Amino acid sequence: MSDWLGIPAGLLAWGFALYVLVVAPPTRGARVLVAMLFVDGLAVITSHNNLAYVNPFLASLGLPAMPRMMHQVSDWALIAVYLPFVGMTLSSPIAAPLRHPVVSRFILFGGLGVAVLLFFLPEELRLKFNVPFYIVICIGLAWGFAAAVHTWYIATNEAERARARAFTVAFGVRDVLWTVTFAYYAAAFYGLLGRDIDELASDSYTFNTLMPLLYQLAIVIYVPLVAYGVLRVQLFDIDLRIKRTLKRGTVAAAFVATFFVVSELAGNFLSSQFGNILGVLGTGALVFFLDPIQRAAERLSDAAMPNTVATPEYEAFRKLQVYDSAVRAALEDGYISARQRRVLDSMIASMGIDPSVALRVEEDSLAAVTVQRPTVEEV
């Protein structure tokens, strides 16, 4: 699995990047998120043995092969894109240096510049910057995770806390798993694991299977979490939809599981023909127990999403959360443009938000952005 998991993981990241590019408002944060998803997809699809499957496919289409160095390029691009994204997204003082325009641009253009330069460096010189840069990646990922946790800790209201929690959970999965894998390979390279790196590469299960699997699995887990976070600030009732789907899916799973269990047991002890008949009869008998099954499914959905209730108060709260997120995105440059004003007015009308309440949300968001925006003296 570790030889090919990077391919679906990379396609997942690129697919969601395309979705954000097409659907999300064209803000600076959205553009950086698209770039980061593209880089993450490139990183996993060029990692380990995935190119052994990718390059033959590209050759069958008459396209050039993807060079192995693309993975090293993605490492530099990762830091170049992720740290400025942390600076523009998180309010923690830990991320304050990354919010400074000079610092963020230096990291962005410096990292991307080196990534491009790798195409022109001799291989011997280029490889000297490979594993040693893993230490920089570990520091960058740990920095982002620490800033996310601290932003969650210092949040002053439920809306800020929900955003910080979503960021910490989603990006934290990738940050933690990738920090572990990069730190492991760096430690192996410098001989800190008690065995030579060539010995580890020849017979170590952790080196050859577990670490590649964790590295690629991080994208499979974190991209859906980011997708949920993006959808949550675009669809005020996404939580209710997921909860309803979970409840209905549990009921459907009970019927399907009953059919297969009864039919397989009957097929083993009687015959396949009687197995299918008894499976249908057993599934039909569940209709008489539909109410207990639905109550169990409701308890399961309540346990999975305990604070999600289909009440007018909850929907009004979620509408204000969505509107607050849209206002904060519009205030990336410190003001609301005419085009953004039209979008916000459309949201007010479509979601039925009280204009006076919307105005207070905008004033609070503007005040928060003004406080968080650091000056040169503060940095």
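Residues numbered from 1 in each chain as written. Predicted model: local features only at pLDDT ≥ 70, side-chain atom pairs only at ≥ 80, totals over all residues. Heavy atoms only, no water.

**Concerning the overall build of the protein chain**
Now for step 1: Across its full length, the protein chain carries 17 helices and zero strands.
Now for step 2: In the protein chain, which comprises 379 residues, the proportion classed as buried is 41%.
Now for step 3: Here the contacts in the protein chain between residues at least 6 apart in sequence split such that 75% fall between residues at least 24 apart.
Now for step 4: Total accessible area computed for the protein chain in this model is approximately 20100 Å², and 69% of it derives from carbon and sulfur atoms. (Helix = DSSP H or I, 4+ residues; strand = E, 2+ residues; numbered from the N terminus. Buried < 20%, exposed > 50% of the residue type's maximum accessible area, 1.4 Å probe, protein only. Contact = heavy atoms within 4.5 Å. Areas by Shrake-Rupley, 256 points an atom, 1.4 Å probe, with all protein chains shown as cover.)

**Quick look at the environment of Val 176**
Now for step 1: Along the chain, the position of Val 176 falls in helix 9 (residues 158–189).
Now for step 2: When its relative accessible area of 38% is taken as the criterion, Val 176 is described as partly exposed.
Now for step 3: Distance in space between the C-alpha atoms of Val 176 and Tyr 215 is 10.0 Å, their sequence separation being 39 residues.

**Notes on the pattern of salt bridges**
Now for step 1: Taken as a whole and assessed by the stated rule, the structure comprises two salt bridges.
Now for step 2: Across the pair Asp 40 and Arg 174 runs a salt bridge whose closest N-O atoms are separated by 2.9 Å. Placement of the pair is Asp 40 in helix 2 (residues 28–45) and Arg 174 in helix 9, with a sequence separation of 134 residues.
Now for step 3: Overall, Arg 174 belongs to the buried group, its relative accessible area being 0%.
Now for step 4: Ionic pairing is found between Arg 174 and Asp 175, a salt bridge with its closest N-O pair at 3.2 Å. The same class applies to Arg 174 and to Asp 175, which are both buried.
Now for step 5: What emerges from the salt-bridge pattern is a single network uniting Asp 40, Arg 174 and Asp 175. (Salt bridge = Lys/Arg side-chain N within 4 Å of Asp/Glu carboxyl O.)

**Some points on the side chain of Ser 104**
Now for step 1: Tracing the chain through its elements places Ser 104 in helix 6 (residues 101–117).
Now for step 2: In this view, Ser 104 contacts Pro 84 and Leu 98; residues no more than four positions away in its chain are not counted.

**What about the confidence of the model for the protein chain?**
Now for step 1: The predicted model of the protein chain averages 76 in pLDDT, with 63% of residues at 70 or higher.
Now for step 2: Within the model, the stretch residues 234–240 combines pLDDT values under 50 with 27 contacts to residues more than four positions away or in other chains. (pLDDT = per-residue confidence, 0-100.)

**So, the packing of aromatic side chains**
Now for step 1: All told, the structure shown has 16 aromatic pairs when counted by the stated rule.
Now for step 2: Here Phe 189 and Tyr 190 contribute two aromatic rings whose centre-to-centre distance is 5.0 Å and whose plane-to-plane angle is 85 degrees, an arrangement assigned as edge-to-face.
Now for step 3: Owing to a relative accessible area of 40%, Phe 189 belongs among the partly exposed residues under this scheme.
Now for step 4: Judged by its relative accessible area of 42%, Tyr 190 is partly exposed.
Now for step 5: Linked through ring pairs, Tyr 82, Phe 85, Phe 167, Phe 171 and Tyr 222 together constitute an aromatic cluster.
Now for step 6: The lysine or arginine in question, Arg 174, covers the ring of Tyr 82, its NZ or CZ lying 4.3 Å from the ring centre. (Phe/Tyr/Trp six-rings, centres within 6.5 Å; stacked < 30°, edge-to-face > 60°. Lys NZ or Arg CZ within 6 Å of the ring centre and 35° of its normal.)

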